[in-house]
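# Architecture at a glance
What follows is each chain in one-letter form.
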Amino acid sequence: MTAAIHVDRARKTFDLGKGKSVEALAGVSLEVRPGEFVAIIGPSGCGKSTILRLIGSLEEPTAGTVTIDGRPPRELAGAHRLGVAFQDHALLPWLSVWQNVTLPLQVAGVKPDDAKIAALIRLVGLEGFEKARPRQLSGGMRQRAAIARALVLGPEVLLLDEPFAALDAVTRRYMNIELQRIWTESRITTLLVTHGVDEALFLADRIVVMSGRPGRIIENLDIDFPRPRMPALMRTPAFHALYDHLADLLEPAAAENEPVAGGGES
Amino acid sequence: MSRGGANRSGPARAALGIAGLLLFLCAWQAIGYYRLAGLSWPPLTDVIALLADPERWPLLGRALSATLAAMTAGYLLGIVLGLGAAVGAHMFPIAHPGTDRLAAVVNSIPSIALGPVFIVFLSRESTAAAIAAAHAAFIIYVAASSGLAAASRGHRDLLVVLGASRLSRLRHLDLPASLPSLSTGLKLAVPAALIGTIIGEWFGAPRGLGVLIVNAMQNFQIALLWSVVVLIASTSLALYSALSLLERACYARFA
Amino acid sequence: MNAIGRTAVAVLRNGWGILLLIIVWQAWVTAMNFNAIVMPRPLGVLQDLIGFPEVYWKNAVYTIGAAVIGLVLGMALGTGLAILAWLSDVLEGMLTPLTVLFSSVPVVTIIPIVARLLGYDFSTVLAIVVIICFFPAFVFTTSGLKALPAGADDLFRVLGARTPARLLRLALPAAVPNWSVALRVAAGHAVLGAMIAEYLMGTAGLGYLFAETKSDFNMERAFGATAVAMVVSILFFAAALAVERRVKERWN
Ligand SMILES: Nc1ncnc2c1ncn2[C@@H]1O[C@H](COP(=O)(O)OP(=O)(O)OP(=O)(O)O)[C@@H](O)[C@H]1O
Ligand SMILES: [Mg+2]
């Protein structure tokens, strides 16, 4: 069971108080089909996290609608059918790895299946650390624990907000391969926010490019590299061509902050 | 909808706060008026009437100024002692564990036992200020000690690399970095010093709010007893609020 | 030999201040040639402590009882009310200014009022300890229930956690470190608060013993009572500090 996400002309304005406000999203429309893996890239502050928070029921759109399978996200959250991993791992410091991974089940009132949890922990490469507390883990290990926690409910929608941002390049690549494998097995509808163009290309069926501010979608690119994708893919000319194209799309936003004479046109 | 979210707007919160306060005052009045707690609980209006009665003002005023004078003296002395001990322990780390233990032991002396000691060592008149100083000194010492240790390792290393002496490190880094914590200590020391003063006055000070409390209690002047307590509470609250402002400024500037 | 030397250094490092205090006291009393009725010597106090343990013991048990029961009740009341305030925004909004108001009020000054309301006995002593312990428990628990780890609140919302789950699995565990600070603060004050109340209106306890012996000019026993109260108070504080350390370790 996986679900479709429907974002229809969603706008989001944050009230900053004293009559000021900031427009984070200016009418964003996005369709994610059931079982699709979509990556969102864009300059910092363009509203990527905001989109994810709208779909995760953490924010309400100022205008427009956000639905999952035609229903408000809040219902899916209430039914414990969402999985998330944030940029900062949000592990509870007083619980062990095992307890952190089990937490969503307990919140949902589901009896934890020990074998399944052990398998998940093995999947993210944390066996032997079940009893460790978050502070005893490296940044990458914490992130992996957070991923295991995101998967434990067998969610219908997986929301990942720069889950690998804190990892070194090697671990990150390893996690990318693992994530692809997990996703291929489960085909969960997945929305991944990332700053890594190569990561997006490697993992996604489709890449959505955003521009800031206010945030809007400027490109919607299908990525049809065959699966399973191997790391060797990243060395092919086709991959490089797409990479350069996306990097150019991200360029103007960077140039906005640091104007360089005569530079940055494609 | 979300519990514990504290997501109410400013005016709504203020209205709730005022409602809570009014509810408290009404309950006080009702309990006093209907004698729900016996004769020892006067209606709020009796207490206000007494406090508003100009004939009482000389008595209350004399007591208040005596208490304030003793408290201020003790508070200032407490700052000098507490801050001095903290800076000394900071500058001479070998003395630090011993200073900590001494402070903890002195703090655990019941204030009522300090009374007789100070009467012998000092005088009956200065006992209130001395107990206030003892109370304030401990709080200031704890706050200043943790504040002096608050500067970041990076900043400290920077100054060492720049060749700063111990003293100039204290002046340029540790003391400024300690101000937020110290300001919290200054605030918390106010009610503590006031308690110390009142207890000290019970040991035979000639005048003061503590003396009034004991007299009112012994002579069953219930409204007077409550009025003095209200006066002490208001004084404490006013000073505490003033120092909260100082604290906020310190945090804004130095933290 | 070496071990003894090291112990001596450790004792000196940690205890020089206390030793100095006792030496100054002894020297002062000797130099001024004070009568034991005015100011006893440390040794005289020690002799009385060793000579009449049962007097101290009986009163200490009374004071410890008041302190422990008051501490438990005060902490329970403060924690319970903080949880209720967490559950209800309205209650929280109404209580916050009131507690700020009351926590800056010197509790000791209301002892005479409480005594007039409850009578000059154990219940007054107990009530004072409860009040003294209530405020830190309420204030610290209230802020602790909101001191959530980064992102945890969002996580629980996405997981569809309802109020009971958020309270039990998130807010309460998150509040434990703050709560243990409240316990330390309250434990430190419990014994001394009980002592002051006993001094003013008790019928037994270390504060009462102090008041009685002082008016009989038995200063050695009065100081003995003080010393026992100090030891008890330090033990309370140390126990609470140990709890706090364990909690901090576990909770990061
Ligand atoms: N709670 C909030 N209150 C006010 N403004 C907000 C809030 N959340 C986001 N914003 C604003 O909305 C805009 C988009 O923020 P968002 O977090 O979605 O960016 P992002 O694309 O995820 O950036 P990054 O890549 O740096 O994580 C920013 O300008 C930000 O300042
Ligand atoms: Mg973001």
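What you see is a predicted model; the values in this text were computed from it and never measured. (Residues numbered from 1 in each chain as written. Chains lettered and ligands numbered in written order. Predicted model: local features only at pLDDT ≥ 70, side-chain atom pairs only at ≥ 80, totals over all residues. Heavy atoms only, no water.)

### Focus: the overall build of chain B
Keep this limit in mind: The numbering of helices and of strands both runs from the N terminus, where a helix is a DSSP run of H or I of at least 4 residues and a strand a run of E of at least 2. Residue exposure (1.4 Å probe, protein chains only): buried if accessible area is under 20% of the type maximum, exposed if over 50%, otherwise partly exposed. Here a residue-residue contact requires only that any non-hydrogen atoms of the pair lie within 4.5 Å. Only the protein chains shown count as cover for residues, and the accessible areas themselves come from Shrake-Rupley with a 1.4 Å probe. A residue counts as positive if it is Lys or Arg and as negative if it is Asp or Glu; His and the chain ends are not included. Where a charge sits is defined by one atom per residue type, namely NZ (Lys), CZ (Arg), CG (Asp) or CD (Glu).
When helices and strands are counted, chain B shows 10 helices and zero strands. The helix and strand sequence of chain B, counted from the amino end, reads α-α-α-α-α-α-α-α-α-α. With respect to the principal axes defined by its C-alpha atoms, chain B has extents near 70 × 60 × 30 Å. Residues classed as buried in chain B amount to 46% of the 255 residues present. Long-range contacts, defined as pairs at least 24 residues apart, comprise 71% of the intrachain contacts of chain B with a sequence gap of at least 6. Carbon together with sulfur atoms contributes 69% to the accessible area of chain B, which is approximately 12,100 Å² in total. Of the side-chain charges in chain B, 17 are positive and 9 negative, and the distance between the mean point of each set is 9 Å.

### Describing the pattern of salt bridges
Inclusion rule: Any Lys or Arg side-chain nitrogen located within 4 Å of an Asp or Glu carboxyl oxygen qualifies as a salt bridge.
One pass over the full model with this rule turns up 23 salt bridges over all chains. Notably, a salt bridge pairs Arg13 of chain B with Glu92 of chain C, separated by 3.8 Å at the nearest N-O pair. With one member in each of two chains, Arg13 of chain B in helix 1 (residues 10-33) and Glu92 of chain C in helix 4 (residues 89-103) form a pair that bridges those chains. When the shortest N-O distance is used, the salt bridge between Lys248 of chain C and Glu244 of chain C registers 3.0 Å. Of this pair, Lys248 of chain C and Glu244 of chain C both sit in helix 10 (residues 219-251), four residues apart, roughly one helical turn. Residue classification places Lys248 of chain C among the partly exposed positions, given a relative accessible area of 38%. Take Glu244 of chain C: its relative accessible area is 7%, and that puts it in the buried class. Bridged by salt links that share partners, the residues Lys12, Arg53 and Glu59 of chain A together with Asp154 and Arg157 of chain C form one connected network.

### Overview of the packing of helix 6 (residues 127-148) of chain B against helix 8 (residues 166-201) of chain B
Residues and elements named next belong to chain B. Stated formally: Helix axes are fitted to C-alpha atoms over the stretch in contact, other axes to C-alpha atoms as well, and angles between N-to-C directions run from 0 to 180 degrees. Roughly parallel here means an angle under 35 degrees, roughly antiparallel means over 145, roughly perpendicular means 65 to 115, and every remaining angle is called oblique. Two helices crossing with the near one rotated counterclockwise from the far one by less than a right angle form a left-handed crossing, whereas a clockwise rotation gives a right-handed crossing. Polarity classes work like this: nonpolar for Ala, Val, Leu, Ile, Met, Phe, Trp, Tyr, Cys and Pro, charged for Asp, Glu, Lys and Arg, and polar for all others, with Gly in that last group.
Contact pair helix 6 / helix 8: the axes reach a minimum separation of 6 Å and the direction vectors enclose 155°. Between helix 6 and helix 8, the crossing angle belongs to the class labelled roughly antiparallel. Viewed along their axes, helix 6 and helix 8 form a crossing whose handedness is right-handed. For the contact of helix 6 with helix 8, the residue count by class is 19 nonpolar, 10 polar and two charged.

### Side note on the environment of Ala108 of chain A
Residues and elements named next belong to chain A. Considering the arrangement of structural elements, one finds Ala108 in helix 3 (residues 97-108). C-alpha of Ala108 to C-alpha of His80: the two residues are 28 residues apart in sequence and 6.0 Å apart in space. With near-sequence residues (within four places) excluded, Ala108 lies in contact with His80 and Leu153.

### So, the interface of chain C and chain B
This is how it is decided: Accessible area that two parts lose when put together, evaluated with a 1.4 Å probe and summed over both, is termed the buried area. Between N or O atoms, a polar contact is any pair within 3.5 Å; within protein, one atom must be a potential hydrogen donor and the other a potential acceptor, and residues adjacent in sequence are included only when both atoms are from side chains.
The interface of chain C with chain B comprises 54 residues on the first partner and 57 residues on the second. Overall, the association of chain C and chain B removes approximately 5,000 Å² of surface from exposure, summing both partners, and the carbon and sulfur fraction of that is 77%. Counting across the chain C and chain B interface gives five residue pairs in polar contact (both at pLDDT 80 or more). Looking at the side of chain C that touches chain B, the elements with two or more residues in it are helix 1 (2-32), helix 3 (53-87), helix 4, helix 5 (111-118), helix 8 (163-201), helix 9 (206-215) and helix 10 of chain C. Sorting elements by how many residues they give to the side of chain C that touches chain B places helix 4 of chain C first, with 11 residues. Across the side of chain C that touches chain B, the residue classes tally to 37 nonpolar, 10 polar and seven charged.

### Considering the layout of surface pockets
For clarity, the cut-off: A cavity, in this analysis, means grid points on a 1 Å lattice covering only the protein atoms where a 1.4 Å probe fits yet has no way out; a pocket is instead an open set bounded by protein on both sides within 12 Å along at least five of seven lines, and a residue lines either one if it has an atom within 4 Å of a point. Grid points are joined across faces, edges and corners, and a volume is the space filled by probe spheres set on the points.
Reported here for the second largest pocket is a volume of approximately 1,500 Å³. Residue lining of the second largest pocket: 42 residues in total, with Leu102, Val106, Ile109 and Leu114 of chain B together with Leu21 of chain C positioned closest to the centre. Secondary structure elements with two or more residues in the lining of the second largest pocket: helix 3 (57-91), helix 4 (96-108), helix 5 (111-121) and helix 6 of chain B together with helix 1, helix 2 (42-51) and helix 10 of chain C. The element that contributes the greatest number of residues to the lining of the second largest pocket is helix 1 of chain C, accounting for eight residues. Of the residues contributing to the lining of the second largest pocket, the split by class is 38 nonpolar, four polar and no charged.

### Quick notes on helix 10 of chain C
So the rule is basically this: A helix is expected to span 1.5 Å for every residue after the first.
An ideal rise of 1.5 Å per residue puts 48 Å on 33 residues; helix 10 of chain C measures up with 47 Å between its terminal C-alpha atoms. At the exit of helix 10 of chain C stands Asn252 of chain C, carrying a positive phi of roughly 80°.

### Quick word on the nonpolar core
Short version of the rule: Nonpolar cores were defined as sets of buried Ala, Val, Leu, Ile, Met, Phe, Trp, Tyr and Cys residues, with membership established by side-chain atoms within 4.5 Å.
If you look at the biggest cluster of nonpolar residues, it comprises 105 residues, and the most contacted ones within it are Tyr75, Ile112, Ile199, Leu209, Trp226 and Val228 of chain B together with Leu71 of chain C. Of all the elements, helix 8 of chain C adds the most residues to this core, at 12 residues. Within the second largest apolar cluster, 97 residues are counted, among which are Phe86, Leu126, Leu153 and Leu158 of chain A.

### Quick word on the pairing of strand 7 (residues 189-193) of chain A
Residues and elements named next belong to chain A. Put simply, the rule reads: Think of it this way: DSSP has to see at least two bridges between two strands before they count as a pair. For the handedness criterion, the strands are oriented away from the viewer, and a crossover whose path from the first strand over the helix to the second runs clockwise is classed as right-handed.
Of all five residues making up strand 7, five are buried, and the element is well covered by its neighbours. The alternating pattern of strand 7 places Thr189, Leu191 and Val193 on one face and Thr190 and Leu192 on the opposite face, and all of these are buried. Taken together, the four bridges between strand 3 (residues 37-41) and strand 7 define a ladder with parallel strand orientation. If you follow Val38 over to strand 7, its bridge partner there is Leu191. Between strand 6 (residues 157-161) and its parallel partner strand 7, the chain crosses via helix 6 (residues 169-186), and the hand of that crossover is right-handed.

### Some points on the site of ligand 1
Residues and elements named next belong to chain A. Going by this rule: Here a residue is near a molecule or strand as soon as one of its heavy atoms is found within 4 Å of it.
Taken together, the neighbourhood of ligand 1 is formed by 14 residues, with Ser44, Gly45, Lys48, Ser49 and Thr50 sitting nearest. In the environment of ligand 1, an oxygen atom lies 2.9 Å from a nitrogen or oxygen atom belonging to the backbone of Gly47. Here an oxygen atom of ligand 1 sits 2.5 Å away from a polar atom, N or O, in the side chain of Thr50. Expressed as a share of its isolated accessible area of 630 Å², the protein-covered part of ligand 1 is 67%. Elements with a minimum of two residues in the shell around ligand 1: strand 1 (5-17), strand 2 (20-32) and helix 1 (48-55). A per-element tally of the shell around ligand 1 places helix 1 first, with three residues. Classifying every residue of the shell around ligand 1 gives five nonpolar, six polar and three charged.

### Topic: the sheet that holds strand 9 (residues 216-222) of chain A
All names here are of chain A. If you trace the six strands from one edge of the open sheet to the other, you get 5-6-7-3-8-9, paired in mixed fashion. With partners counted over all chains shown, the strands left at the sheet margins are strand 5 (82-85) and strand 9, one partner each. Taking the axes of each pair of neighbouring strands and ignoring which way they run, one obtains an average angle of 15° across the sheet. Bridge count between strand 3 and strand 8 (residues 206-211): four bridges; the pairing is parallel. Its bridge partner lying in strand 8, Ile41 is registered against Val209. Across the sheet, helix 1 touches strand 3, strand 5, strand 6, strand 7 and strand 8, and the angle it forms with strand 6 is around 155°.

### Re the side chain of Asp174 of chain B
Looking at where Asp174 of chain B falls in the secondary structure, it is placed in helix 8. When near neighbours in sequence (up to four residues on either side) are disregarded, Asp174 of chain B contacts His90, Gly147, Leu148, Ala151, Arg156 and Arg169 of chain B.

### A closer look at the confidence of the model for chain A
Residues and elements named next belong to chain A. The test is simple: Note on scores: pLDDT gives the predictor's confidence for each residue, bounded by 0 and 100.
On average, chain A scores 88 in pLDDT, and the residues at 70 or more come to 94%. Put simply, helix 8 (residues 237-257) is where chain A has its lowest mean pLDDT, 81, and strand 3 is where it has its highest, 96. Segment residues 258-266: pLDDT under 50, and one contact once partners within four positions in sequence are set aside and those in other chains are kept.

### Let's talk about the confidence of the model for chain B
All names here are of chain B. Overall, the prediction assigns chain B a mean pLDDT of 88, with 96% of residues at 70 or greater. When mean pLDDT is taken per element in chain B, helix 3 scores highest with 95 and helix 7 (residues 153-161) scores lowest with 73. Across the assembled chains, the prediction reports ipTM 0.83 with pTM 0.81.

### Considerations on the domain arrangement of chain B
Residues and elements named next belong to chain B. Under the convention used in this document: Source of the domain bounds: an automatic or database domain assignment.
Under the domain assignment used here, chain B contains domain 1 (1-41) and domain 2 (42-254). Relative to domain 2, the C-alpha centre of domain 1 lies at a distance of 30 Å. Contacts between the two partners involve eight residues from domain 1 and, on the opposite side, eight residues from domain 2. The largest share of the area that domain 1 buries against domain 2 comes from Trp28, Gln29 and Trp41, three residues that together contribute 64% of it. Counting every contact that joins domain 1 to domain 2 gives zero salt bridges. Joining domain 1 to domain 2, the criterion identifies four residue pairs in polar contact (both at pLDDT 80 or more). When grouped by side-chain class, the residues that make up the side of domain 1 that touches domain 2 number five nonpolar, three polar and no charged.

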